[in-house]
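Close look at the chain arrangement
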Amino acid sequence: MGEKTNTEENVSREEAADLVQELAQEIRSGGVAEVRVGNKMLKLSPAPELEYGIEVQERSPMLGGPREEITVTLEWEVEKEP
């Protein structure tokens, strides 16, 4: 069974863009990608080819104001070490 690590926090629009850009730079680096999730640093090994998905959800709840959500998914098979 795999391990799941997640975090949610309120950040400014600029901070959110910086976090996404930092993740993109780590993936682009070509080696091990170090990704911070909350107070934990994870080392990931992205493959040369990734599965990419994006989902946008727009909601108008009965209570509260309208909300929008975007979810980006990157998935790959990890190569086994020899």
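Above this text is the structure in question.
The structure presented is a predicted model; accordingly, all values stated were derived computationally and were not measured.

1. Focus on the overall build of the protein chain
When helices and strands are counted, the protein chain shows one helix and four strands. Ordered by position from N to C terminus, the α and β elements of the protein chain give α-β-β-β-β. Here the C-alpha atoms of the protein chain give a radius of gyration of 16 Å, more than 25% beyond the 12 Å that 2.2 N^0.38 yields for 82 residues. Seen through its principal axes, the protein chain has C-alpha atoms that stretch 55 × 25 × 20 Å. Classification of the 82 residues of the protein chain by burial places 6% in the buried group. Considering only intrachain contacts with a sequence separation of at least 6, the fraction spanning at least 24 residues in the protein chain is 29%. Summed over its atoms, the accessible surface of the protein chain is roughly 8100 Å², and 48% of this surface lies on carbon and sulfur atoms.

2. Description of the pattern of salt bridges
Going through the model one piece at a time under the given rule, you end up with three salt bridges. One salt bridge in this structure joins K40 and E3, with 2.9 Å as the shortest N-O distance. Taken together, the residues K40 in strand 2 (residues 40-44) and E3 in the segment before helix 1 (13-28) connect sequence positions 37 residues apart. Owing to a relative accessible area of 69%, E3 belongs among the exposed residues under this scheme. Here E34 ties to K43 by a salt bridge, and the two come within 3.7 Å at their closest N and O atoms.

3. Regarding a negative patch on the surface
A cluster of acidic side chains, namely E9, E14, E15, D18 and E22, defines a negative patch on the protein surface. Counting through the fold element by element, E14 comes out in helix 1. The class of E14 is exposed, set by a relative accessible area of 61%.

Reading guide: rules and limits
- Residues numbered from 1 in each chain as written.
- Predicted model: local features only at pLDDT ≥ 70, side-chain atom pairs only at ≥ 80, totals over all residues.
- Heavy atoms only, no water.
- Helix = DSSP H or I, 4+ residues; strand = E, 2+ residues; numbered from the N terminus.
- Rg over C-alpha atoms; globule rule 2.2 N^0.38 Å.
- Buried < 20%, exposed > 50% of the residue type's maximum accessible area, 1.4 Å probe, protein only.
- Contact = heavy atoms within 4.5 Å.
- Areas by Shrake-Rupley, 256 points an atom, 1.4 Å probe, with all protein chains shown as cover.
- Salt bridge = Lys/Arg side-chain N within 4 Å of Asp/Glu carboxyl O.
- Patch = residues over 30% accessible without salt bridge, like charges linked within 9 Å, V, L, I, M, F, W, Y side chains within 5 Å.
- Lys, Arg positive; Asp, Glu negative; His and termini not counted.
- Charge placed at Lys NZ, Arg CZ, Asp CG, Glu CD.

Take it as geometry only, folks, not as evidence of what the structure does.
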